[in-house]
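Spelled out, the chains give:
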Amino acid sequence: MSAPSTDLDLDRVDLTDLDLFADGPPYELFRRMRREMPVHWNEMDGEPGFWNITRFEDIRRISRDHETFSNERGGIFIQNEPGVPVDVQRQLMLGMDPPRHTKVRGIVQKVFSPRVVAEREPHIRQVVTRLIDDVIERGECDFVSDIAVELPLIVIAEMLGVPVEDRYMLFDWTNRASHAVATADPADTLQALAEMGQYLGALVAERRERPRDDLISRMVNAEVDGERLSDAEITISFGLLMFAGNDTTRNTASGAMLALIEHPDQRQKLIEDPSLMRDAVEEFLRWVSAVLHFRRTATRDTEIAGQPIAAGDKVVMWYASGNRDERAIPDPDRFDVTRPNVEHQAFGGGGRHFCLGNQLARLELRVLFEELLERIPDMELAGEPTRLRTNFTNELTSLPVAFTPGRPSDAG
């Protein structure tokens, strides 16, 4: 349930007010904004305001026009100091414009090609099987910490080349950085980045001496147009991939499980016909909208939906709103695992910054729910879900569930 918005004066709405997101994305408010003020000026105390962009087509247009709307010029988060200073944001792949972005992405994207990702399906299924085995006899668990956190953390750590025993350190660092964005705490972010940088610096040096078949080794040795990534670029890119490969899949999995519990008729459809799962995953992604927004900065005077935008203005694309836009998606407030040709902006609005790991996320979600619905088809809430108070991610922090106890997969 989203924060009430029927009595709000849209001229005074401030989407940095986290109270609006206490129960999740404020969908009713977004609906009003799309209808009455789709390009909405948001005042801020102490720093320049920004334009809220809430319609699907406007978000898509901005995403695909990197020459007019820059990632690098002013940072990618709403506030200028959202826990990640702008100079650090510019070292993230998300905070780059071409040609730097093209160089870095060209090195990394080979590891996330559809072919390479597809080859990981048997291993991902083994990981999911182990996670289910660990809880199935108990008849209860916290879906977030026991399953949703573990799956993407194990998979992305292995792909990157992080020793399994170190994965929780990386989880802690990326989690602290993510939460610092939510709370605008730059001190904790810089501390987490410093600790991670020290760890990764040693790992990069080791891979230079003894390369392996992992992403770190490829990033260390790869060249694009005769250039190699610097150690700083490798470290920052690594941190981004840990965050992107961990937080977004975890939050989508948790939100999708809650949606299936709250819509038992939709869950039953998947139990009866597992072939629906590929389309269902697209609906999970649309429905949850794990990342709520990113920002761009206008490089020149322009307009959006008839509203003049001045050079230097910040524009914030609300993917959670675009994913419920009735102009692009029929009956968008209905959760429907049989929805055909699902259009969504869970991986961004397209363009050069379309999520690099989208195929991996889709595969993890498909395998996870195929196995879950076969082995634990009756998962129900066993307590009140809790969520992070933030306007950046749609993030459950706890999802207590109960189910009929079963047997591990290797039981006789």
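Since the structure is predicted, the reported quantities are computational estimates derived from the model, not experimental observations.

Rules of the game
- Residues numbered from 1 in each chain as written.
- Predicted model: local features only at pLDDT ≥ 70, side-chain atom pairs only at ≥ 80, totals over all residues.
- Heavy atoms only, no water.
- Helix = DSSP H or I, 4+ residues; strand = E, 2+ residues; numbered from the N terminus.
- Buried < 20%, exposed > 50% of the residue type's maximum accessible area, 1.4 Å probe, protein only.
- Contact = heavy atoms within 4.5 Å.
- Areas by Shrake-Rupley, 256 points an atom, 1.4 Å probe, with all protein chains shown as cover.
- Salt bridge = Lys/Arg side-chain N within 4 Å of Asp/Glu carboxyl O.
- Phe/Tyr/Trp six-rings, centres within 6.5 Å; stacked < 30°, edge-to-face > 60°.
- Pairing = 2+ DSSP bridges.
- Core = buried A, V, L, I, M, F, W, Y, C linked by side-chain atoms within 4.5 Å.
- Axes fitted to C-alpha atoms, helices over the stretch in contact; angles between N-to-C directions.
- Parallel < 35°, antiparallel > 145°, perpendicular 65-115°, else oblique.
- Left-handed = near helix turned anticlockwise from the far one by under 90°.
- Nonpolar A, V, L, I, M, F, W, Y, C, P; charged D, E, K, R; others polar.
- Polar contact = N/O pair within 3.5 Å; in protein donor to acceptor, adjacent residues only side chain to side chain.

A. Representation of the overall build of the chain within the structure. Within the chain, the regular secondary structure consists of 16 helices and 12 strands. Within the chain, the fraction of its 412 residues that count as buried is 58%. Taking all contacts inside the chain whose residues are at least 6 apart in sequence as the whole, residues at least 24 apart take part in 71%. About 16800 Å² of surface is accessible on the chain, with carbon and sulfur atoms providing 49% of the total.

B. Examining the pattern of salt bridges more closely. Throughout the structure, instances matching the rule amount to 34 salt bridges. For Arg 12, the salt bridge is made with Asp 9, and the minimal N-O distance between the two is 3.8 Å. Asp 9 gets classed as partly exposed once you look at its relative accessible area, which sits at 39%. The salt bridge partner of Glu 380 is Arg 267, with a shortest N-O separation of 2.7 Å. With a gap of 113 residues between them, Glu 380 in strand E9 (residues 380–381) and Arg 267 in helix H13 (residues 264–272) connect regions that are remote in the sequence. What emerges from the salt-bridge pattern is a single network uniting Glu 121, Arg 125, Arg 366, Glu 370 and Glu 371.

C. The packing of aromatic side chains, seen in detail. In total, this model carries eight aromatic pairs according to the counting rule given. On the basis of an interplanar angle of 25° and a centroid distance of 5.8 Å, the ring pair of Phe 21 and Trp 318 is categorised as stacked. Here the residue Phe 21 occupies a position in the segment before helix H1 (27–36), and Trp 318 occupies one in strand E8 (residues 314–318), the gap between them amounting to 297 residues. Take Phe 21 and Trp 318: they sit in the same class, and that class is buried. Geometrically, the ring pair formed by Trp 41 and Trp 51 is edge-to-face, given 4.9 Å between the ring centres and 65° between the ring planes. A residue pair is termed long-range when its members are at least 10 positions apart, and Trp 41 in strand E1 (residues 39–42) and Trp 51 in strand E2 (residues 50–53) qualify at 10 residues.

D. Here's a closer look at the sheet that holds strand E12 (residues 400–402). Strand order in the open sheet made by the three strands is E4-E12-E9, with antiparallel pairing throughout. The open sheet terminates on both sides in strands that have one partner only, identified here as strand E4 (140–142) and E9.

E. Spatial organisation of the nonpolar core. Counting residues in hydrophobic clusters, the biggest one holds 80 residues, and the most contacted among them are Phe 112, Phe 143, Met 257, Phe 284, Leu 368, Phe 369 and Leu 372. Sorting elements by how many residues they give to this core places helix H12 (residues 231–262) first, with 11 residues. Once you skip the residues sitting within four places of it in the chain, Phe 284 turns out to touch Thr 252, Ala 256, Leu 260, Leu 270, Met 277, Phe 335, Val 337 and Phe 369. Ranked by size, the runner-up nonpolar core spans 16 residues in total, among them Trp 51, Ile 59, Phe 69 and Phe 392.

F. Structural context of the packing of helix H14 (residues 277–288) against helix H16 (residues 358–375). Packing of H14 against H16 brings their axes to within 10 Å, and their N-to-C directions diverge by 115°. As summarised for this structure, H14 and H16 are arranged roughly perpendicular, according to the angle between their axes. Crossing handedness for the pair H14 and H16: right-handed. Along its contact with H14, which presents Met 277, Arg 278, Val 281, Glu 282, Phe 284 and Leu 285, the element H16 presents Arg 362, Leu 365, Arg 366, Phe 369, Glu 370 and Leu 373. Grouping the constituent residues of the contact of H14 with H16 by class yields seven nonpolar, no polar and five charged.

G. Inspection of unusual backbone geometry at higher detail. Even without being a glycine, Asp 331 presents a positive backbone phi close to 45°. Relative to the helices and strands, Asp 331 is located in the loop between helix H15 (319–322) and H16. A positive phi angle is found at Asn 341, which is not glycine, with a value near 50°. Its location among the elements puts Asn 341 in the loop between H15 and H16.

H. Main features of the environment of Arg 250. Tracing the backbone shows Arg 250 in helix H12. For Arg 250, a relative accessible area of 2% puts it in the buried group. With sequence-adjacent residues up to four places away left out, Arg 250 is seen in contact with Ala 148, Val 149, Pro 152, Phe 171, Asn 175 and Glu 395. A distance of 2.8 Å separates the side chain of Arg 250 from the side chain of Glu 395, its partner in a polar contact.

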